Every structure is written in structure tokens, then in C-alpha cells.
Amino acid sequence: MSDSRPEGAVESLLHEDRTFAPSAEFAAQANAQPSIYAEANADPVAWWTEQANTLTWDTPFTKSLTWDLPFATWFEDGTLNASVNCLDRHVDAGRGDKVAFHWIGEPEDDTRTITYSDLLAMVSQAANALEALGVEAGDRIAIYMPMIPEAVAAMLACARVGAPHSVIFGGFSADAIADRVNDADCSIVITADGGYRRGAAAGLKQQVDDALKSCPQVRNVLVVRRTGQEVNWQEGRDLWWHEYVETQPANHAAKSFPAEHPLYIMYTSGTTASPKGIFHSTGGYLTHVSTTHRYIFDVKPETDICWTAADIGWVTGHSYIVYGPLTNGVTQIMYEGTPDAGGRDRWWRIIEEYKATILYTAPTTIRTFMKWGDEHPASHDLSSLRLLGSVGEPINPEAWIWYRSTIGGDRCPIVDTWWQTETGGIMMTPLPGITAPKPGAAMTPFPGISIDVVDNEGISVAKGEGGFLVVNAPWPGMLRGIWGDPERYHETYWSRFEGRYFAGDGAKRDDDGDIWVLGRVDDVMNVSGHRLSTAEVEHAIVGHDDVAEAAVVGASDDTTGQAVVAFVTLKSGKEVDANSEAEAAVIASIRNHVAVSISPIAKPRQIILTPDLPKTRSGKIMRRLLRDVAEHRALGDVTTLTDPTVVAMIDALMAAHASDDD
Ligand code: WT7
């Protein structure tokens, strides 16, 4: 495992041996009782079949799993509609007045209450609008929106008419939008004029306009008016949501689709420069997210107020804001803004006011709150909380303990949930009424999921040993492929260990057999829980006019988990003097170029200009060495380098720029 996270981090994790058992009171009322493991693991397919039957099917399925490596189908002869499962069945059962979302806008006092009936009406209007625009089952639709209820309605409207949605995170640039819209050949884009970001209205429509210059197949753009900012308008193509959607009939007869009908595509970074369109099915996916949401978050639809503080632009929002919670009919909080909009206590104010019971967020956010100080949560009553969750990267024990005591009042179980865009739903986690978790460990596979930690040859490692995380058998929420690239799908996930799913993460099995996820073992970085590929960022940097070559590594960072550090060689004739204004200018210009080519989240924390990059004799850039340099570690073996002095030189350059971070 040459590319795992720094040994130091691994060591400190493994010295953590405190455990935190749930209270007897929590354990007694929990949805998941200890027998769940034996029941599920005795016959996982039968158990998942039972879970699938908690959904509403129009045609019951007779087959459960068909596994033709690497292609799985689940419940394939059944038919259902995802939006009916999220909405109609609750309304039909008399729960239409139940609140689906307490929505809180970024500006103070900008709130909306959306019941299940309200949401069904919004979705029906949007579904009618899509059909009026000629959308047919199977057509792909891109969604690029802020965190407003219409974003959820847009997703469910797509699901209702059988058009797979591709939600593109609102922070992505026009270039990134165009790549994604073209890869999935989307014919409609749903967006908003803009969204609020720390008090300012940031343009979204304007990014879409730029992107669509290279997407001629897009027929229409539906635009929600959110900020009221000025937008350019292309007559015939652009349609206002309030004019075109909100005038449609508020009922819509949903068709039923086969369980394997694709529900959505979500792009994620792999080890190459082009993002992969991960696509998910309908029946298996809904089964997975509904089941995991019910047992892991222990939801009681009558009383819980769930807050998954994630963006719908990422898979966490898809699975645990939209499809999991809505199939289970719970009430949720949806907040539009950043954690410090309106004060660093904004979240805690929201929790106090809406009496949130379940909070699910990322370690990077938890660490940011830690830095901001205890006075912010301390000034609010957080006693409504009864369960906390973490997702996106390994959580360091210190943050785990802070989360438990400062936010959870030492009373709330914490579920550290490991999963991926590809897995669709949670795969490994404590169960809140059963497990006594160790801070920092994802602990055990979810019932009905089979996971192993293996060595290079695919052999299970012993207790106390590290290796690669694999999934042994297909599961209902698993990706059905990479959009348009079945070869890459097989190659990326199912060939490293034949017949088993290779997650790309390193893990350790501790002396008790519990599993600790250690981070990526490939050239993928995890910055604030966002997945970025080193190749993708390098590709963006070398797209800058002055750049000859670039190498990007993820270096550990106290707040964001990892940070992007780039080593860049300028073209001859474009070189600049060290510490000159010209140097500062070119660095700023490269960072900006990355923001424009991908997204501001991909901007390097640090750029080191260097006349050379360390390469092996075969010409491969030695990222491992650069990572050592970026993390100020003693340098490893340099004997395979063409020019071993290059690394020492870069190290010196790095030291000279130690204060570059911003
Ligand atoms: C990668 C997946 C899952 C939704 C958000 C990220 C890392 C995720 C954990 C965790 C340790 C974690 C892994 C994984 N990761 N959750 N609880 N403990 N690592 O989805 O962008 O597809 O990224 O995030 O490295 O492979 P994603």
C-alpha cells in the first residue's frame, strides 16, 4: 500500500481504543436490534428482498438478484416509480399534511414549509412541464441548482417521468458543466438565476449560458427565480419555472418503470482526467437507501426531524436528503447557505429552533466548527438531538470526541458511515443501538453487506493488519455502470480483485476485527469530503498558457482532510524570479484557471514553481516523493529517479514558500 495516508495518521488512529456503547434506553427503542446481523447475513439476498418489499411496487418482482459479473440486476421484473415511493404513497395514506421540508434560506427570515402534498404538487407540475417539453423516459436532464425546494422537485419530476437526472454541483464551472452535459447527452437543463453564497447572489444561469455554447443538443433551460438577479435570456430556449412549470396542472399520473431503469447519473472523479458518470438503478437503489436510512439513522417518521447537511449536488444529498428520507416519509431540514452565513452559530440556531433530532455531516465541517470555538454551540439548546452521523472521509478521534460531547451532549450515538458515490448507500457503519463504536472507525459492514480487507493477492489480512477494502458480493444500491463506458466500469471496479468490488480505499482490521478506513490508495484526493483526481487538476493546470508541466498531490490538512498542492514547471521563456511580483501573479492566475476549468473547490492550496519535476527513468512523475515534500516528511527512496537532486531542490523551494497558504 505505497499510496496510503501518512503512517503517522494511521498509527494515531490505531491507538484509539475507547468505545462508546449506546445507552440502554437508546438500545431498547432502536429500529435495529442485535439479531439483525444474523438475520441478514444468513441469507443476504433473501433479507434484501424483504427490505425491497417495504417499497410500493406496481408490479411485484419475482426475481431478486441476477449476477453476471460485473453486471447485477436486482428485482428486475418488478416495476415501480421512485417519486410515487417518495410522495404519493405518503399522501395516499393520509400523511399529506406532514412537513417534508422545513426549508431555511441563507438570508435571515427567508423560510418555507413544504408538506408532502405541497411537494407532490410541485413535482407533478414539473413532470407535466417536462412532458410538455417532449421529455420521454430515458432522456437525460441536467440539474444545476442551489439548495432550494425546487431542486428536490426537479429531481423527483425527472424520476416521475423516467428521465435520469444528472445533478451538477452548483460550485462547478461552465467548462465542467459542459463536459457533464455532453457526456450524458442531456437535452434539458434545470437551473436558477443564482444562489446565495455568504450574503451575495452568485450567478448560476450565467454559468449554464456559457456551458451551453458547446452543448447544441440542449433544447430548453428551465430557470427558477431565486435571487432576482439579472440574467441573459435566449428566447425559445429559456423558460421561467414560475411561468412554465407553476402554470401546469398539479396532478400527474405517474408511469411505472422497471426496477433496473436508470434513476440518475452522478459524476465523480477517478484516477484519470475525465470524470466518470456513475449511474444508479431505481428498485435496488431505493431499497438500499431506504433500508440504511431507517436502521442507521434509527428514524421514527412520526417524531424525528432529520438534517442531512449536505448539498444535493453530491451523492449524500441524493441518498440521504432525497431518496432515503422521502421513501421513509420523514420531516427534514434543508438549509440553503454556508455554515457561517448570519453568524457562526447559524446551524445551532437552526437546530434549536426546529428541534432537529438527527444531524448528518462531514468531518471537515466538524473540524471547522471546532476551530470557531465552543461558545457558538454552547449558546443554543441542542438537547433535541438524539443521533449524529459523519460521512465523507475518515474522522479523526479528536473531532469525533468533540462532536459527541459538544454537539451531542455525550448522549447521542455517532454513526461514522463509509460509502461512495458508486455504492449508492452506506456500506459500513456502527448501528446506533447495537455497536459500541471506537472514535474514528467505521467498524462493521451493514447487515447484508459483505466487506473484506485484503492484501495484494486478495487474501484477507489478519487482525491488526492493513490492506485494500473490497466488497465481496453485489448489493442492491451498487452502481450499474459508468455511463457509456462498460469497459472502464469492469476495469476500474471489478478487475483488480477478480469478482470483487475494489473501492480504492485502504483499510485496517484492528485486533477486535473492527474496520478503520484509512483513505484512498489511488491518485484520488479527498478535499473537504469532495473527491478530486490529481490527474483532473493537473489537466486543468497544464491548460494554462504559461505552464509546461504539473504534478498534483493531496497533502494532509488539519481542516479539509487533504489539500491540493501543485508542483508546476513553467514554459521556457515564461519563467519568473522567486518571490517576485511576477511569480505571485502567475500563481494567482493558475489558481484562477483551475477554478474556472473545474471549480473553486479544486484550487490548489499551494503552488510551487519548480524548474523540474522528479521522474523515474521511465518518465513517471514520483508523486509519492512530492507528497513527502508537501507534508514536510523525511524523503523516501530516491534511487530510481533520473535526477535525485530535483527533489532536494523542490524541498528547498517549498521551505522558502512555507507561508504561501491562504
Ligand atoms: C470516498 C468516497 C459517501 C458520500 C460522500 C463521499 C471517503 C467516505 C468515509 C468514512 C472514511 C470515507 C472514502 C471513499 N469516505 N466516507 N466514513 N470514513 N472515508 O462520496 O465523493 O464518492 O467519496 O470518500 O475515501 O472512497 P465520494
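Everything here concerns the structure above.
Our subject in this report is the structure included herewith. What you are looking at is a predicted structure, and each value in this text was computed from that prediction instead of being measured.

### Quick notes on the packing of helix H4 (residues 44–52) against helix H11 (residues 283–296)
Part 1 of the argument: One can describe the packing of H4 onto H11 by two numbers: an axis separation of 9 Å at closest approach and a directional angle of 90°. Taken as axis vectors, H4 and H11 run roughly perpendicular relative to one another. Facing H4, whose interface residues are Trp-47, Trp-48, Gln-51 and Ala-52, H11 presents Thr-287, His-288, Thr-291, Arg-294 and Tyr-295.
Part 2 of the argument: For the contact of H4 with H11, the residue count by class is four nonpolar, four polar and one charged.

### Things to note about helix H18 (residues 534–542)
Part 1 of the argument: Most of H18 sits inside the fold, with seven of its nine residues counted as buried.
Part 2 of the argument: For H18, the full list of buried residues reads Thr-534, Ala-535, Glu-536, Val-537, Glu-538, Ala-540 and Ile-541.

### Here we look at the pairing of strand S15 (residues 276–280)
Part 1 of the argument: In terms of burial, S15 is a largely internal element, five of the five residues being buried.
Part 2 of the argument: Side chains Lys-276, Ile-278 and His-280 of S15 all project onto a buried face; the interleaved residues Gly-277 and Phe-279 project onto the opposite face, where all are buried too.
Part 3 of the argument: Across five bridges, strand S14 (residues 264–268) lies against S15 in antiparallel orientation. Across the sheet, Tyr-264 pairs through a bridge with His-280, a residue of S15.
Part 4 of the argument: Across two bridges, S15 lies against strand S23 (residues 481–482) in antiparallel orientation. Considered in S23, the bridge of Ile-278 is made with Ile-482.

### Remarks on the site of the ligand
Part 1 of the argument: Close to the ligand lie 17 residues; Asp-416, Thr-417, Thr-421, Asp-505 and Arg-531 are nearest.
Part 2 of the argument: One of the backbone N or O atoms of Gly-392 is found 3.1 Å from a nitrogen atom in the ligand.
Part 3 of the argument: Here the ligand loses 95% of its free accessible area of 560 Å² to cover by the protein chains.
Part 4 of the argument: Breaking the shell around the ligand down by element, the ones donating at least two residues are helix H12 (315–327), strand S20 (414–417) and strand S25 (515–520).

### What to know about the side chain of Asn-328
Part 1 of the argument: Along the chain, Asn-328 falls in the loop between H12 and strand S17 (331–335).
Part 2 of the argument: Note on Asn-328: relative accessible area 12%, which makes it buried.
Part 3 of the argument: Here the side chain of Asn-328 touches Arg-294 through a polar contact of 3.2 Å, side chain to side chain.

### Details of H11
Part 1 of the argument: Its 14 residues give H11 an end-to-end C-alpha distance of 20 Å, which sits within 8% of 20 Å, the value for a rise of 1.5 Å per residue.
Part 2 of the argument: Among the 14 residues that make up H11, 14 are buried, leaving the element largely enclosed by the rest of the structure.
Part 3 of the argument: One or two residues past the end of H11 sits Asp-298, with phi positive at roughly 55°.

Cut-offs applied
Per-chain numbering applies: the sequence of each chain, read as written, is numbered from 1 onward. Where totals are concerned, whole chains, interfaces and linings use all residues; where local detail is concerned, this predicted model gives features only for residues with pLDDT of at least 70, and gives and counts side-chain atom pairs only at 80 or more. Here the side-chain values reflect all heavy atoms present in the structure, with hydrogen atoms and water set aside. Here an axis means a line fitted to C-alpha atoms, over the contact stretch when the element is a helix, while the angle between two N-to-C directions is reported on a 0 to 180 degree scale. Only runs of H or I of at least four residues qualify as helices and only runs of E of at least two qualify as strands under DSSP, and these elements are numbered from the N terminus. Reported orientations rely on four angle classes, namely roughly parallel under 35 degrees, roughly antiparallel over 145, roughly perpendicular from 65 to 115, and oblique for the rest. Any pair of residues with heavy atoms lying within 4.5 Å of one another is described as a contacting pair. Residues are grouped as follows: nonpolar covers Ala, Val, Leu, Ile, Met, Phe, Trp, Tyr, Cys and Pro; charged covers Asp, Glu, Lys and Arg; every other residue, Gly included, is treated as polar. Buried residues are those whose accessible area, probed at 1.4 Å on protein chains only, stays under 20% of the maximum for their type, while exposed residues exceed 50% and partly exposed ones sit between those limits. Strand pairing is defined by DSSP finding a minimum of two bridges between the two strands. Note on definitions. A residue lies near a molecule or strand when any single heavy atom of the residue is within 4 Å of it. Polar contact is the term for a pair of N or O atoms within 3.5 Å; when the atoms are in protein, one must be able to donate a hydrogen and the other to accept it, and sequence-neighboring residues count only if both atoms are side-chain atoms. Per-residue and other accessible areas follow the Shrake-Rupley method at a 1.4 Å probe size, with only the shown protein chains counted as cover for residues. To estimate how far a helix should extend, the number of its residues minus one is multiplied by 1.5 Å.

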